[in-house]
Amino acid sequence: KTSQKHRVALHRPQGLSGWHQTSSDKLVADICSTKITTENTYQISSRFNDEKYRNYKDVATEIPDWEIKTTTGDGPEFWHRLFAKHNFAIAKLLEIEPADIPKGWQKVTEARALKSLEIMYTDLSK
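The notes below deal with the structure included here.

Parameters at a glance
- Residues numbered from 1 in each chain as written.
- Predicted model: local features only at pLDDT ≥ 70, side-chain atom pairs only at ≥ 80, totals over all residues.
- Heavy atoms only, no water.
- Helix = DSSP H or I, 4+ residues; strand = E, 2+ residues; numbered from the N terminus.
- Polar contact = N/O pair within 3.5 Å; in protein donor to acceptor, adjacent residues only side chain to side chain.
- Contact = heavy atoms within 4.5 Å.
- Expected span 1.5 Å × (residues − 1).
- Bend = angle between axes of the 7 residues up to and from the residue.
- Buried < 20%, exposed > 50% of the residue type's maximum accessible area, 1.4 Å probe, protein only.
- Phe/Tyr/Trp six-rings, centres within 6.5 Å; stacked < 30°, edge-to-face > 60°.
- Lys NZ or Arg CZ within 6 Å of the ring centre and 35° of its normal.
- Core = buried A, V, L, I, M, F, W, Y, C linked by side-chain atoms within 4.5 Å.
- Salt bridge = Lys/Arg side-chain N within 4 Å of Asp/Glu carboxyl O.

1. Some thoughts on the side chain of Lys35
Line of reasoning, step 1. Within the element layout of this structure, Lys35 appears in helix H1 (residues 32-35).
Line of reasoning, step 2. At 2.9 Å, the side chain of Lys35 forms a polar contact with the side chain of Asp30.
Line of reasoning, step 3. Ignoring any residue separated from it by four or fewer positions in sequence, one finds Lys35 in contact with Asp30, Asn40 and Tyr56.

2. Observations regarding helix H4 (residues 77-94)
Line of reasoning, step 1. Between the first and last C-alpha of H4 there are 24 Å, a value that for 18 residues agrees with the 26 Å anticipated at 1.5 Å per step.
Line of reasoning, step 2. Of all bends in H4, the biggest is about 55 degrees, found at His86.
Line of reasoning, step 3. Buried within H4 we find Phe78, Trp79, His80, Phe83, Ala84, Asn87, Ile90 and Ala91.
Line of reasoning, step 4. Looking one or two residues beyond H4, the residue adopting positive phi is Glu95, at roughly 60 degrees.

3. So, the packing of aromatic side chains
Line of reasoning, step 1. Applying the stated rule across the entire model yields 2 aromatic pairs.
Line of reasoning, step 2. Each ring, one from Tyr42 and one from Tyr56, has its centre 5.1 Å from the other, and the planes form 55 degrees; the classification is tilted. Separated by 14 residues along the polypeptide, Tyr42 in strand S4 (residues 41-42) and Tyr56 in the loop between strand S5 (54-55) and helix H3 (59-62) bring together distant segments of the chain.
Line of reasoning, step 3. Ring plane angle 70 degrees and centroid distance 5.1 Å describe the contact between Phe78 and Trp79, whose orientation is recorded as edge-to-face.
Line of reasoning, step 4. Cation over ring: Arg54 sits above Phe48, and NZ or CZ is 3.6 Å from the ring centre.

4. Some thoughts on the nonpolar core
Nonpolar side chains tend to gather and get buried jointly when the protein is soluble and globular.
Line of reasoning, step 1. Residues Leu27, Ala29, Phe83, Ala84, Ile90, Ala91, Ile96, Ala99, Ile101 and Trp105 constitute the largest nonpolar core, which totals 10 residues.
Line of reasoning, step 2. Sort the elements by how many residues they give to this core and H4 lands first, with 4 residues.
Line of reasoning, step 3. Cys32, Ile36, Tyr42 and Tyr56 belong to the second largest nonpolar core, which has 9 residues in total.

5. As for the pattern of salt bridges
Line of reasoning, step 1. Tallying each qualifying case throughout the model produces 8 salt bridges.
Line of reasoning, step 2. The salt bridge partner of Arg47 is Asp65, with a shortest N-O separation of 2.8 Å. Taken as a pair, Arg47 in helix H2 (residues 45-48) and Asp65 in the loop between H3 and strand S6 (66-67) lie far apart in primary sequence, 18 residues in all.
Line of reasoning, step 3. Assessed through its relative accessible area of 32%, Asp65 is described here as partly exposed.
Line of reasoning, step 4. We note a salt bridge from Lys115 to Glu118, for which the minimum N-O separation is 3.6 Å. Here Lys115 pairs with Glu118, and both are found in helix H5 (residues 110-124), just 3 residues apart, close to one helical turn.

As far as function goes, none of this settles anything; it's purely spatial.
Structural data, given as structure tokens:
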């Protein structure tokens, strides 16, 4: 059996997966590939069987089978549009507060989102 690392070339807003601030029960629009350079913390009770908060910058040692490359910015516009469009529905489903959507995400047109998606996958195939 070959062990492979979890890798994602293009991360999406964490709120799409239900990640939220436990202190406010509010979805987050952050992307983990930008958070790993910060002093911010995360908690994955189901993975570690505890309630401990861990530093994003230490994720490589805490979860060695995850490979998260640092990125700048807030990701492709495709994800911006998708999360802005479904933010309230996700929050309602999880019975938590919707995220504070970054300025401009709700203005991403379908055409721009699709162009962003095309660029994402063109870049991945290089």
